[in-house]
Amino acid sequence: MNTKSTVEIITEWDIVAARQLGRNEAKEIGFGAVDQARITTAISELARNIYLYARAGEVAIERISEGGRVGIRITAADKGPGINNIKKVMEDGYSTSGGLGAGLPGVKRLMDTMDIQSSIEKGTIIIIEKWV
Amino acid sequence: MQYQKIVSDFLSNQTERNLYIGQNFIRQLIQKKVAPEEVINIHKYAMEQLYPDLPEYISHSYDFLIEIMVHFGLTLKEHQSLLEQQEELRMEMNVATKIQNMILRTKIPQLKDIDIGMVSIPIRKMNGDYVHFLGDKSHVSVAVTDVVGKGVPAALCMSMVKYGLDTLECSTNAPSHILEVLNRIIEKSVDDSMFVSMFYGTYNVENGKFTYGSAGHEPALYYNSGKETFFDLESKGLLLGVMPEVKYPQYEIQLQDNDFIVMITDGATDFRKQGELDPRDVIKNIALSCRHLPAQEMCEKMYAYLKKLPDFDLEDDFTVVIFKK
Ligand SMILES: Nc1ncnc2c1ncn2[C@@H]1O[C@H](COP(=O)(O)OP(=O)(O)OP(=O)(O)O)[C@@H](O)[C@H]1O
Ligand SMILES: [Mg+2]
């Protein structure tokens with residue numbers, strides 16, 4: 001059952017749909033209550049960034065497995081303006097919410113791995129994974 | 001599970017003792033870097049174990065708290081990582097300060113013909129004032145500098161001044177030349193917001209002449225023992241680093257026995273008027289009262305006295321250098 005489910009992010013309520021999808025999948029994969037909350041929070045942050053900065057995009061959620069381990073992979077992709085300075089946005093205290101801990105550095109902390117590809121005017125793809 | 005027991009003890013008996021035990025337990029969790037959302041989960045689990053028919057809405061309320069606490073957890077993690085970064089910076093800063101202090105270490109020349117004293121007190125770890133001595137058989141020169149600006153940029157600028165002076169050492173001692181070259185160096189390489197004031201003087205051991213020039217620095221005080229009067233060693237010259245190609249005039253005085261020159265940075269005069277007296281007069285009076293002492297002791301007396309004044313500005317670096325014939 002390695003299907004990929006995708007939610008398009010166009011309105012703010014789509015963020016909620018992405019969260020819901022992520023939580024269901026995380027629960028099914030076998031994540032505990034705390035990790036479910038963490039994964040959902042990470043999805044929420046990425047979806048919100050798409051909504052705020054790229055206007056539109058999508059969040060895809062899939063189950064992953066490797067050598068007996070299972071986990072979840074979330075791919076947030078958009079064709080928005082791209083992130084200017086990835087190194088900078090990954091620094092603590094940089095996000096506009098200023099020291100509320102969330103934002104992209106927070107997403108990285110909530111998950112096991114995070115990969116950002118972004119090019120100016122072309123868009124952004126962020127892939128995050130977490131293992132049970 | 002330990003937590004379950006602690007909660008259960010408290011629920012059956014709400015004593016201060018049980019609360020205290022709870023706090024000690026939390027302290028352990030914090031040490032193990034357990035996130036706040038995890039703690040709620042531990043609590044939820046304990047409650048569900050203790051009360052198998054715990055109402056659903058209680059369980060849900062814990063789920064809600066977990067969700068919310070994820071953000072507190074992130075804030076906490078960010079805080080911790082910022083603290084680690086700060087500690088790293090602090091350590092780097094300490095090393096830099098040590099290097100800086102080593103680079104800028106000044107040794108007061110000991111000479112037969114002229115008695116030299118100096119006190120330079122930094123307000124922070126890095127001194128914004130700098131005194132540079134150089135000399136050969138026939139001359140001893142001094143540069144008293146004050147970098148306008150604080151912290152690391154000022155410290156870097158200071159090192160540049162020092163290397164500039166070191167390089168110039170072997171050429172000429174003429175103050176106007178030295179100030180001109182330093183101005184060019186600083187103007188070219190330093191940020192626009194950074195300026196340096198400098199008093200530069202050179203004493204000719206053979207004929208007792210003192211030649212000086214100044215770049216926007218507090219005028220030195222010259223005591224003529226024959227006339228029993230102080231004179232300001234004034235010299236017009238722009239701060240170093242403001243404009244390229246500035247000319248600095250130089251002047252010369254003849255020192256007689258018991259004459260002395262007091263060179264200061266504005267940290268020494270940055271206090272409000274003492275009644276009728278202005279700060280420079282206060283310094284003159286102290287100098288006069290201890291002019292029989294060796295130059296070094298005069299400097300120390302002066303600092304000890306000024307430091308005690310109620311209006312003395314402890315927020316600025318303090319430097320005084322005395323040349324005494
Ligand atoms: N998908 C994206 N497309 C373009 N720019 C983005 C995208 N995601 C993030 N950014 C840029 O990166 C910056 C940092 O994002 P991050 O989510 O860390 O913080 P934030 O959104 O500014 O604040 P908050 O803490 O509320 O999330 C954003 O301000 C935005 O400029
Ligand atoms: Mg954001």
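Residues numbered from 1 in each chain as written. Chains lettered and ligands numbered in written order. Predicted model: local features only at pLDDT ≥ 70, side-chain atom pairs only at ≥ 80, totals over all residues. Heavy atoms only, no water.

Within an unreviewed UniProt entry, the label attached to chain A reads Anti-sigma regulatory factor, and the organism entered is Solibacillus merdavium.

Q: I tried to follow the domain arrangement of chain B on my own but got confused; where do I start?
A: Note: interface size is frequently given as the accessible area lost on complex formation between the parts. Here chain B is partitioned into domain 1 (2–98) and domain 2 (104–324). Computed from C-alpha atoms alone, the centre-to-centre distance between domain 1 of chain B and domain 2 of chain B is 58 Å. (Domains from an automatic or database assignment.)

Q: Please explain the interface of chain B and chain A as it appears in this structure.
A: Every contact between the two is made by 15 residues of chain B and, on the other side, 18 residues of chain A. Roughly 1400 Å² is buried in total at the junction of chain B and chain A, and carbon and sulfur atoms are behind 55% of that figure. It is Glu67(B), Leu74(B) and Glu78(B) that lose the most area in chain B upon contact with chain A, and together they represent 43% of the buried surface on that side. Here Arg38(A) and Glu37(B) are joined by a salt bridge, their closest N and O atoms 2.8 Å apart. (Contact = heavy atoms within 4.5 Å. Buried area = accessible area lost by both parts, 1.4 Å probe. Salt bridge = Lys/Arg side-chain N within 4 Å of Asp/Glu carboxyl O.)

Q: Honestly, the sheet that holds strand β3 (residues 69–78) of chain A in this entry has me stumped. Any pointers?
A: Across a sheet, strands are paired by hydrogen bonds formed along the backbone, either parallel or antiparallel in direction. Residue and element names in this part refer to chain A. The strand order across the open sheet formed by five strands is β1-β2-β3-β5-β4, and the pairing between neighbours is antiparallel. With partners counted over all chains shown, the strands left at the sheet margins are β1 (4–9) and β4 (113–119), one partner each. Taking each pair of neighbouring strands and ignoring which way they run, the sheet shows an average axis angle of 15 degrees. The pairing of β1 with strand β2 (residues 57–66) spans six bridges and is antiparallel. What sits directly across from Thr6, in β2, is Ala60. Docked against the sheet, helix α1 (residues 12–29) engages β1, β2 and β3, running at close to 160 degrees with respect to β1. (Pairing = 2+ DSSP bridges. Helix = DSSP H or I, 4+ residues; strand = E, 2+ residues; numbered from the N terminus. Axes fitted to C-alpha atoms, helices over the stretch in contact; angles between N-to-C directions.)

Q: Help me understand the packing of aromatic side chains, please; the structure alone is not making it clear to me.
A: Aromatic ring pairs are defined here through the distance separating the ring centres and the angle between the ring planes. In the structure shown here, the tally under the stated rule is ten aromatic pairs over all chains. Relative to Tyr212(B), the ring of Phe199(B) has its centre 5.8 Å away and its plane inclined at 15 degrees; by these criteria the two rings are stacked. Placement of Phe199(B) in strand β4 (residues 195–204) and of Tyr212(B) in strand β5 (residues 209–215) is noted, with a sequence separation of 13 residues between them. Note on Phe199(B): relative accessible area 1%, which makes it buried. Judged by centre distance (5.0 Å) and plane angle (55 degrees), the ring pair of Tyr223(B) and Phe230(B) falls under tilted. Classification of Phe230(B) by relative accessible area gives buried; the value is 16%. Aromatic rings pair up to connect Phe199(B), Phe210(B), Tyr212(B), Tyr251(B) and Phe323(B) into one cluster. Between Arg69(A) and the ring centre of Trp131(A), over which it is positioned, the NZ or CZ distance is 4.4 Å. (Phe/Tyr/Trp six-rings, centres within 6.5 Å; stacked < 30°, edge-to-face > 60°. Buried < 20%, exposed > 50% of the residue type's maximum accessible area, 1.4 Å probe, protein only. Lys NZ or Arg CZ within 6 Å of the ring centre and 35° of its normal.)

Q: How do you make sense of the confidence of the model for chain B when you look at a structure like this?
A: Regions with low pLDDT carry predicted coordinates that are not meant to be interpreted in detail. All names here are of chain B. Averaged over chain B, the pLDDT score is 89; the fraction of residues at 70 or greater is 94%. Mean pLDDT across the elements of chain B ranges from a minimum in helix α5 (residues 151–168), with 85, to a maximum in helix α3 (residues 36–50), with 96. Model confidence for the complex: the whole-complex pTM is 0.72, and ipTM, which rates the interface, is 0.86. (pLDDT = per-residue confidence, 0-100.)

Q: How do you make sense of the nonpolar core when you look at a structure like this?
A: Burial of nonpolar side chains together is a common tendency in soluble globular proteins. With 46 residues, the main nonpolar core has Ile39(A), Val59(A), Ile72(A), Ile74(A), Met111(A) and Ile128(A) as its most contacted residues. At nine residues, helix α2 (residues 33–54) of chain A tops the list of elements feeding residues into this core. (Core = buried A, V, L, I, M, F, W, Y, C linked by side-chain atoms within 4.5 Å.)

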